[in-house]
Amino acid sequence: MAGPSHDKSLYRERDVVKIKRALISVSDKTGLLDLARALAGAGIEMVSTGSTAQTIRDAGFEVTDVANITGFPESLDGRVKTLHPSVHAGLLADLRLESHEQQLDQLGVEPFELVVVNLYPFVETVASGAIGDDVVEQIDIGGPAMVRAAAKNHPNVAIVVSPASYGEIIDAVAQGGTTLIQRRELAARAFSHTAAYDTAVAGWFTDTAEGFGASLTIQAELAHVLRYGENSHQEAALYLRAGGHGIAQATQLNGKEMSYNNFVDADAAVRAAYDFTVPAVAIIKHANPCGIAIAAPKAPDAIASAHARAHACDPVSAFGGVIAANRMVTLKMAETIKEIFTEVLVAPGFDEDALDVLRTKKNLRILQLPADFAPEPLEAKQISGGILVQQADRFSAHGSVTSSWSLAAGEAADPETLADLAFAWTACRSVKSNAILLAKNGASVGVGMGQVNRVDSCHLAVTRAGDRAAGSVAASDAFFPFADGLQVLLDGGVRAIVQPGGSVRDEEVIAAAQAAGVTMYFTGERHFFH
Ligand SMILES: NC(=O)c1ncn([C@@H]2O[C@H](COP(=O)(O)O)[C@@H](O)[C@H]2O)c1NC=O
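Sequence order as written defines residue numbering, which begins from 1 separately in each chain. Reporting in this predicted model follows two pLDDT cut-offs: at least 70 for local features of residues, and 80 or more for side-chain atom pairs to be given and counted; totals over whole chains, interfaces and linings ignore these cut-offs and use all residues. Remark: hydrogens and water are excluded; side-chain values derive from all non-hydrogen atoms of the structure.

### Quick word on the overall build of the protein
Turning to step 1, where the next piece is worked out: The number of helices and strands found in the protein is 19 helices and 21 strands.
Turning to step 2, where the next piece is worked out: Radius of gyration: C-alpha atoms only; globule rule: 2.2 Å multiplied by the number of residues to the exponent 0.38. The C-alpha radius of gyration of the protein comes to 31 Å, more than 25% above the 24 Å expected for a compact globule of 530 residues.
Turning to step 3, where the next piece is worked out: Principal-axis analysis of the C-alpha atoms gives the protein an extent of 95 × 50 × 45 Å.
Turning to step 4, where the next piece is worked out: Partly exposed residues are those whose accessible area sits between 20% and 50% of the maximum for their type, while under 20% is buried and over 50% is exposed, using a 1.4 Å probe and protein chains only. By residue count, 46% of the 530 residues in the protein fall in the buried class.
Turning to step 5, where the next piece is worked out: Any two residues whose heavy atoms approach within 4.5 Å are treated as being in contact. Long-range contacts, defined here as pairs at least 24 residues apart, represent 57% of the contacts in the protein between residues at least 6 apart.
Turning to step 6, where the next piece is worked out: Carbon and sulfur atoms provide 54% of the accessible area of the protein, an area that totals close to 25,900 Å².
Turning to step 7, where the next piece is worked out: Neither His nor the chain termini are counted; the positive set is Lys and Arg, and the negative set is Asp and Glu. Every charge is mapped to an atom, namely NZ of Lys, CZ of Arg, CG of Asp or CD of Glu. Across the protein, the centroid of the 42 positively charged side chains sits 4 Å from that of the 61 negatively charged ones. A helix here means a DSSP run of H or I that spans at least four residues, while a strand means a run of E at least two residues long, and both kinds are numbered starting from the N terminus. Here, Shrake-Rupley sampling with a 1.4 Å probe gives the accessible areas, and only protein chains in the shown set may cover a residue.

Shown next as structure tokens:
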């Protein structure tokens, strides 16, 4: 017989359930004795497994070993402890039904009203560097079985999967029992918990195999509902991915609530700034940079200098921008930002005096990245009916980004020009395709983004740069399919160019560069960004 075949009228109502018997089996013993004290004080019988029972007993509380209930010893190195009908009938009996109550009596099984389980530390074991059987042994089987059974049977049983919930159980005991609403909430948390656990286990198996797993489960917890989505008529929420260390986990130190678009732009800003190891600042509008600049690490107030030069790229567009820095924000940078209308400022940290200045801007959202900030190794994009997953785009060259470049036209660049080309190429990765970025002295001076042909992006970059185009260097995220786009840059006075190469018309493009006496490097690697 699968599923409830019962007449609905046979169900008796149950709201508050008094706890008489609790099953406790926990790996993490945090708070266990506080809970045991409260349960013992209320005369609740505790049934427990191996070391959990030992801990409770050692503290002077009475506890029944689960083996006394099952009549079967804990065996196979702990692989079989609670996996027994005497336990699971006590977890799954739906006491709203008289028939279940009668069956329990016939079977001689007593029900549980509370189950407290936390699972083997699988994630922590993997993080410790363990491999093979040492990891496999940390895949909890009996624990999730109890958690799921009790959660399913929430009309009768309260399930607790974290020491963080012990307080509310202690309160419930004092108030006479758990309520149905409370047990439903605990059940929801329990199923999320086992889902996250299984996702981690599946991920470990996938990681040990080549390529992508046979199925994809994204586990994320609701952080909060946002005011609205991309537009005010769209509802939206932020979910935190388990194990994430990104913009979603940043700490907000000031300002209004983050919006959906704020998160998207802050993510783009951080992506741009963290492409550099030297001090760097990116200013983002609508997910595109309107200014990126770097500064020599030893330059006086390097991060403030990078910000000032990033801002100078396009001060009109920087109005209402989202700024990311890859170093602590200093007082000088803060004082400059104070004068510019800025939506969000994100950084790994803030000097105290800088924060004091920035906090005078009540609406400025200030985000501090987690100390262990790390970009995502995989990216997912939803399409209708599916999810595209790819490795995050990175520069594949080790060491300098220029190490794999080949000279395609003109003279080899001098060290300063080569450094500027490397900057332009790196910064260009953050610009939506078709992307053209003009740079001078480690700062963007003109950005052409998101156009449906490369010629228009070239026009945009040169126009935005104005007088600064002459003598600048340029980067293109993908090859020039024709010489026309390149010609726009040459006419604008660009003196060196870096691009992937690889077009069937490369010869035509190289000839145009040669004719203008301009240096051009091929990277052999494209960085589309959509
Ligand atoms: N196999 C079983 O029957 C079983 N029943 C409970 N556990 C787990 O054993 C742990 C507690 O064991 P102990 O009380 O011995 O420290 C808990 O994390 C619980 O989830 C089991 N272990 C793993 O599968």
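### So, the packing of helix 1 (residues 32–41) against helix 9 (residues 166–174)
Turning to step 1, where the next piece is worked out: Whenever a helix is involved, its axis is fitted only over the stretch in contact; in every case the axis is a line through C-alpha atoms, and angles between N-to-C directions fall within 0 to 180 degrees. The contact between helix 1 and helix 9 brings their axes to 10 Å, and the two run at 10 degrees. In terms of their interaxial angle, helix 1 and helix 9 are classed as roughly parallel. Residues Leu32, Asp34, Leu35, Ala38 and Leu39 of helix 1 pack against Tyr166, Ile169, Ile170 and Val173 of helix 9.
Turning to step 2, where the next piece is worked out: Residue composition of the contact of helix 1 with helix 9, by class: 8 nonpolar, no polar and 1 charged. For this classification, under 35 degrees means roughly parallel, over 145 means roughly antiparallel, 65 to 115 means roughly perpendicular, and everything else is oblique. We call Asp, Glu, Lys and Arg charged. Ala, Val, Leu, Ile, Met, Phe, Trp, Tyr, Cys and Pro are nonpolar, and the rest, Gly among them, are polar.

### Thoughts on the sheet that holds strand 4 (residues 114–118)
Turning to step 1, where the next piece is worked out: If you walk across this open sheet you meet the 5 strands as 3-2-1-4-5, and the pairing is parallel. Each edge of the open sheet carries a strand with a single partner, namely strand 3 (64–65) and strand 5 (158–160).
Turning to step 2, where the next piece is worked out: What makes two strands pair is DSSP finding at least two bridges between them. Bridge analysis of strand 4 against strand 5 gives 3 bridges, and the strand direction is parallel. In the sheet register, Leu114 faces strand 5, and the bridge partner there is Ala158.

### Thoughts on the packing of aromatic side chains
Turning to step 1, where the next piece is worked out: Centres within 6.5 Å are what make two rings of Phe, Tyr or Trp a pair, Trp counting through its six-membered ring; a difference in plane orientation under 30 degrees is then read as stacked, over 60 as edge-to-face, and the rest as tilted. Enumeration over the complete set of coordinates arrives at 7 aromatic pairs.
Turning to step 2, where the next piece is worked out: Measuring from ring centre to ring centre gives 5.7 Å for Trp405 and Tyr521, while their planes differ by 50 degrees; the resulting arrangement is tilted. Taken together, the positions of Trp405 in the loop between strand 15 (386–391) and strand 16 (406–409) and Tyr521 in strand 21 (residues 519–522) put the pair 116 residues apart, joining distant regions of the chain. Side by side, Trp405 and Tyr521 carry an identical accessibility label, which is buried.
Turning to step 3, where the next piece is worked out: Chaining the aromatic ring pairs together yields one cluster made of Phe122, Tyr197, Trp204 and Phe205.
Turning to step 4, where the next piece is worked out: In our convention, an over-ring charge means Lys NZ or Arg CZ found within 6 Å of a ring centre and within 35 degrees of that ring's normal. Over the face of the ring belonging to Phe529 we find Arg271, whose NZ or CZ atom lies 3.7 Å from the ring centre.
Turning to step 5, where the next piece is worked out: Positioned above the aromatic ring of Phe529, the side-chain terminus of Lys432 is 4.4 Å from the ring centre.

### Re the state of the cysteines
Turning to step 1, where the next piece is worked out: Cysteine sulfur atoms that come within 2.5 Å of each other are treated as a disulfide pair. Enumeration over the complete set of coordinates arrives at 0 disulfides.
Turning to step 2, where the next piece is worked out: Looking at Cys458, it has no disulfide partner, and the nearest cysteine sulfur is the one in Cys428, 10 Å off.

### A word on the site of the ligand
Turning to step 1, where the next piece is worked out: The rule for a residue being near a molecule or strand is that one of its heavy atoms must lie within 4 Å of it. As a matter of local geometry, the ligand sits amid 23 residues, with Thr49, Ser51, Thr52, Asn118 and Asp140 nearest to it.
Turning to step 2, where the next piece is worked out: Side-chain polar atom of Lys29 to an oxygen atom of the ligand: 3.3 Å apart, as the coordinates give it.
Turning to step 3, where the next piece is worked out: Within 3.5 Å is the distance limit for a polar contact, defined as a pair of N or O atoms, with the added protein rule that one can donate a hydrogen and the other accept it, and that residues adjacent in sequence qualify only through two side-chain atoms. Here an oxygen atom of the ligand and a side-chain polar atom of Ser51 are 2.5 Å apart.
Turning to step 4, where the next piece is worked out: Burial of the ligand by the protein chains amounts to 95% of its free accessible area of 530 Å².
Turning to step 5, where the next piece is worked out: Mapped by element, the contributors of at least two residues to the shell around the ligand are strand 1 (21–26), helix 2 (50–58), strand 4 and helix 8 (142–152).
Turning to step 6, where the next piece is worked out: Residue classes in the shell around the ligand are distributed as 8 nonpolar, 11 polar and 4 charged.

### Here we look at the packing of helix 4 (residues 85–92) against helix 8
Turning to step 1, where the next piece is worked out: Here helix 4 crosses helix 8 at 30 degrees, and the two axes come no closer than 8 Å. By the angle class used here, helix 4 and helix 8 are roughly parallel. On helix 8, the residues touching His88, Leu91 and Leu92 of helix 4 are Ala145, Met146, Ala149 and Lys152.
Turning to step 2, where the next piece is worked out: The residue makeup of the contact of helix 4 with helix 8, split by class, is 5 nonpolar, 1 polar and 1 charged.

### What to know about the side chain of Gln499
Turning to step 1, where the next piece is worked out: With respect to the helices, strands and loops of the structure, Gln499 is situated in strand 20 (residues 496–499).
Turning to step 2, where the next piece is worked out: The class for Gln499 is buried, based on a relative accessible area of 0%.
Turning to step 3, where the next piece is worked out: Within the structure, the side chain of Gln499 is placed 2.9 Å from the backbone nitrogen of Gly501, a separation counted as a polar contact.
Turning to step 4, where the next piece is worked out: Excluding anything up to four places from it in sequence, Gln499 contacts Ser476, Ala478, Phe479, Phe480, Val509, Met520, Tyr521, Phe522 and Thr523.

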